[in-house]
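# Per-entry structural report
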Amino acid sequence: MYDIMRQAEEKLMEVGVNHATSVLFFILSILVIFSITFLGLLLYNRNRQSDEKLSEIKVFIISLIVGWAITTLIFVYRIVMVGISKLSG
């Protein structure tokens, strides 16, 4: 029983080390895309007429969702390409 627990702990540490950079890159890419989208929407919103302007909370939420969605699509595409290359190789 102790041997199984030790092996599970080693595997967990190995997975953590292997995927830590991917998780950090995922979070940083969400923040970067969010920031760019947020600034773009703020500039776009500044040029609109007062009755058509969005609130800053709406701009924040839209930017956050766009950042998360684009980053998720990129990562899913990357995983699918890795899977296809493994299947064809």
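Residues numbered from 1 in each chain as written. Predicted model: local features only at pLDDT ≥ 70, side-chain atom pairs only at ≥ 80, totals over all residues. Heavy atoms only, no water.

### Observations concerning helix H2 (residues 56-88)
In this model H2 runs 48 Å from its N-terminal to its C-terminal C-alpha over 33 residues, within 8% of the 48 Å that 1.5 Å per residue would give. Along H2, the residues that are buried comprise Val59, Ser63, Gly67, Thr71 and Phe75. Buried residues along H2 sit against helix H1 (2-46). (Helix = DSSP H or I, 4+ residues; strand = E, 2+ residues; numbered from the N terminus. Expected span 1.5 Å × (residues − 1). Buried < 20%, exposed > 50% of the residue type's maximum accessible area, 1.4 Å probe, protein only. Contact = heavy atoms within 4.5 Å.)

### Considering the environment of Ile65
Here Ile65 shows up in helix H2. A relative accessible area of 51% places Ile65 in the exposed class. Along the sequence, Ile65 and Ser35 sit 30 residues apart, while their C-alpha atoms lie 12 Å from each other.

### Some details on the packing of aromatic side chains
Evaluated as defined, the whole model comprises five aromatic pairs. Seen in terms of ring centroids, Phe38 and Phe60 are 6.4 Å apart; in terms of plane orientation they differ by 80°. Their pairing is edge-to-face. Here Phe38 is found in helix H1, whereas its partner Phe60 is found in helix H2, with 22 residues between them in sequence. An aromatic cluster of at least three residues, connected via ring pairs, comprises Phe25, Phe26 and Phe75. (Phe/Tyr/Trp six-rings, centres within 6.5 Å; stacked < 30°, edge-to-face > 60°.)

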